[in-house]
Amino acid sequence: MSSQKTFKTLKKLFPTDPSLISNQEIAQKISKTLINSGLQPLKSTPSLLFNLNPHITNLVLSNPLVPPLSCLSLFNFLQTNPSLTSHKPNLQAHVTLICRLYQAKKFAQMKIVLNGIVSNDILRCPVSEIVSLAEDERKGVKFVETLCDMLFRVYADNKMFEEAVGVFDYAEKKGFEIEERSCFVLLLALKKCGQVDLCLRFFDQMVEKGVQITVHSLTLVMNELCKRGEVKKAKALMGEMAGRQIKPNVVTYNTLLKAYIERKDYEGVNEALSLMEKDGVGYNVATCTLLIDWFGSCEKIEDAEKVFEEMHERGIDPDVYIYTSIINWNGRVGNMKRALFLFDELTQRGLVPNVHTYGALINGAYKGGQMKMADILVNEMQSKGIDVNQVVFNTLIDGYCRKGMMDEVLRLQDFMEGKGFQTDVFTYSTIASGLCKLNRNEEAKSLLFTMEERGVAPNLVCFTTLIDIFCKEGNFVEAKQVIQEMERKGERPNTVTYNALIDGHIKKGKMKEAHKLKKEMEDKGLMPDTYTYSSLIHGECIDAKVDEALKLFHEMYQRDLTRNVVTYTAMISGLSKDGRTDEAFKLYDEMKREGLTPDDRVYHSLVGSLHTAKS
DNA sequence: GTAGGGTTAG
């Protein structure tokens, strides 16, 4: 008897014993079942799958008569059924199924199967291996290209960045194109994971390899450059890309504007705005919000209000973001009446205030010492179902710090921790500065010194507070040590830090050292601000160097720095003491024209000057 | 798909 005959006889004798049937036949049987009745019979009669092996699985999956989605069902069943662990689909099965799904244009499912490969330690393999398994299927170049693109995205989604770049390199070498859209997915994932270096490097690679960059990728990268302080580079990149016909849009300009605004770079802001105009890029509501922030931070609330007003003329609808911003700046300058009016207006417009909006109002109320109003707002917010969050707690703590109610502060801190919020870096610096205001410097210092042991790393503000304390004590050696320590920890002194140093030196009569510090900060690219100048003007006036003070006073004008009550007071009293009464009164008028309210010190100086006036 | 809102230091 031939072996074939024996086989047939045996098959007749034992028709249900699948071990004696060829792979081909088993595959046929499973395929037919799938075609005619779907997965259900295989589920209810698992014995049909007992003799399954990788070859059979692959035969079924590649059978063009079995619908791709039926293949997928079988695949998933094998993958998840605990009694079939020995039949889990292998790499070839994955790739075969991917080919079938591609033909059926089931791209989302394709991606899920690919995801199964890359997230499985046993199946994961170089892209070339997947491609070579797929190429056997002879589906053409377009398929392999799509496969690479998709694999690239799947790696990006899984934060497997090196692997993603590996696919990019492979595709590039093979002459395949990875879509810009996919590249953007990687850039975004890298950004979200804080992998900024890799993000910037990959963008360079995209440019180098001729990926057709879009304004979205460009803007994302510019934003990352700005965030790490490389604003010039961001601007240059924008110019370079404009040369390649990639035109910046309103979002790109907003990104740049934000960077300049954060740096208080007056020239930068104006340059960005005029570039927008030149390019014919109109403002949107985000641009207006940025401008309100810009004017607000320059203490130019009227200009901020003008932006808000003109927005309507430009046909831009306000949203809750911009309302929150304008409410915030009004609250900060103590105009709670206007802030509350705007709050009503936003509600009437059908906009819904959120925790940010209430936060701005509450902050304004506390800053203006209106504790009752603040408490009412906190209750109102909660009654609307908006919970007090970490920021609002810190705002409340700051409010009580400003009132010097330190017992209440500690009670709030306990309460906040009881609610599951951490005492964070804001809480620490707020309490420390509260203690300073009460001249409890030693307690403030010890709080700032010990916060790290309590698990919160001090930041620039904390270090600056500490430096300020030492400077006020005239302890410049300790202050320098703090600077060294903060720099070791990667925090660079900013304008406020320098202001603390400058003011400390001035108070000890060290004008020369103060000017040296101003030069040093400018060399580091830090902009002296209203505080820097006010301190220096005050120092020069005390030194009776009124002309030096006036020089600084005019320098402020050239730099478009706002002169506040403190600046004017220092200058007016300097002129008065020197007997230059006319000039003093002229400044007094100018100050009032600027909308500033002179305080008692100004009057005192002016009256004093009338007695010492030079004849 | 990229950008804008509330908290801390003088």
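Residues numbered from 1 in each chain as written. Chains lettered and ligands numbered in written order. Predicted model: local features only at pLDDT ≥ 70, side-chain atom pairs only at ≥ 80, totals over all residues.

1. A word on the packing of helix α21 (residues 355-367) against helix α23 (residues 390-402)
Rules: Fitted lines through C-alpha atoms give the axes, limited to the stretch in contact for helices. The angle between two N-to-C directions lies from 0 to 180 degrees. Helix and strand labels come from DSSP, where a helix needs a run of H or I of at least four residues and a strand needs a run of E of at least two; each type is numbered from the N terminus. Here the angle decides the label: under 35 degrees means roughly parallel, over 145 means roughly antiparallel, 65 to 115 means roughly perpendicular, and every other value means oblique. A pair of residues counts as a contact when their C-beta atoms, built from backbone coordinates, are separated by no more than 7 Å.
Where α21 contacts α23, the axes come no closer than 9 Å and their chain directions differ by 5°. With respect to each other, α21 and α23 are oriented roughly parallel. The segment α21 lies against α23, with Val 355, Gly 359, Ile 362, Asn 363 and Tyr 366 engaging Val 391, Val 392, Thr 395, Asp 398, Gly 399 and Arg 402.

2. Section: the domain arrangement of chain A
Here is the rule we go by: Domain ranges listed in this record stem from an automatic or a database domain assignment. The classification used treats Ala, Val, Leu, Ile, Met, Phe, Trp, Tyr, Cys and Pro as nonpolar, Asp, Glu, Lys and Arg as charged, and all other residues, Gly among them, as polar.
What the domain assignment reports for chain A is domain 1 (213-282), domain 2 (283-358) and domain 3 (529-615). Taken over C-alpha atoms, the centre of domain 1 sits 24 Å from the centre of domain 2. In terms of residue count, helix α15 (residues 250-262) provides more of the side of domain 1 that touches domain 2 than any other element does, five residues in total. Tallied by class, residues from the side of domain 1 that touches domain 2 come to four nonpolar, two polar and one charged.

3. Details of the protein's contact with DNA strand B
Applied cut-off: In this analysis a residue is considered near a molecule or strand if the C-beta atom, reconstructed from its backbone, is found within 6 Å of that molecule or strand.
Around DNA strand B there are 64 residues in total, and Phe 184, Thr 219, Ala 286, Gly 359 and Asn 394 lie nearest to it. Counted by class, the surface near DNA strand B contains 23 nonpolar, 32 polar and nine charged residues.

4. Considering the environment of Arg 124
Convention followed: Counting other C-beta atoms within 10 Å of a residue's C-beta gives its exposure: the residue is buried at 20 or more, exposed at 12 or fewer, and partly exposed in between, where C-beta atoms are placed from the backbone.
The topology assignment puts Arg 124 in the loop between α7 (107-118) and α8 (127-135). Its 14 C-beta neighbours within 10 Å are what place Arg 124 among the partly exposed residues. For the pair Arg 124 and Leu 114, spaced ten residues apart in sequence, the C-alpha to C-alpha distance is 9.8 Å. When neighbours within four sequence positions are excluded, Arg 124 is seen to be in contact with Ile 117 and Val 118.

5. A look at the nonpolar core
To be explicit about the condition: As used throughout, a nonpolar core is a set of buried Ala, Val, Leu, Ile, Met, Phe, Trp, Tyr and Cys residues joined through C-beta atoms within 7 Å of each other.
If you look at the biggest cluster of nonpolar residues, it comprises 162 residues, and the most contacted ones within it are Ile 98, Leu 151, Ile 292 and Ile 467. It is helix α9 (residues 141-157) that provides the largest number of residues to this core, a total of eight residues. Beyond its immediate sequence surroundings of up to four residues, Ile 467 is in contact with Ala 479, Val 482, Ile 483, Thr 497, Ala 500 and Leu 501.

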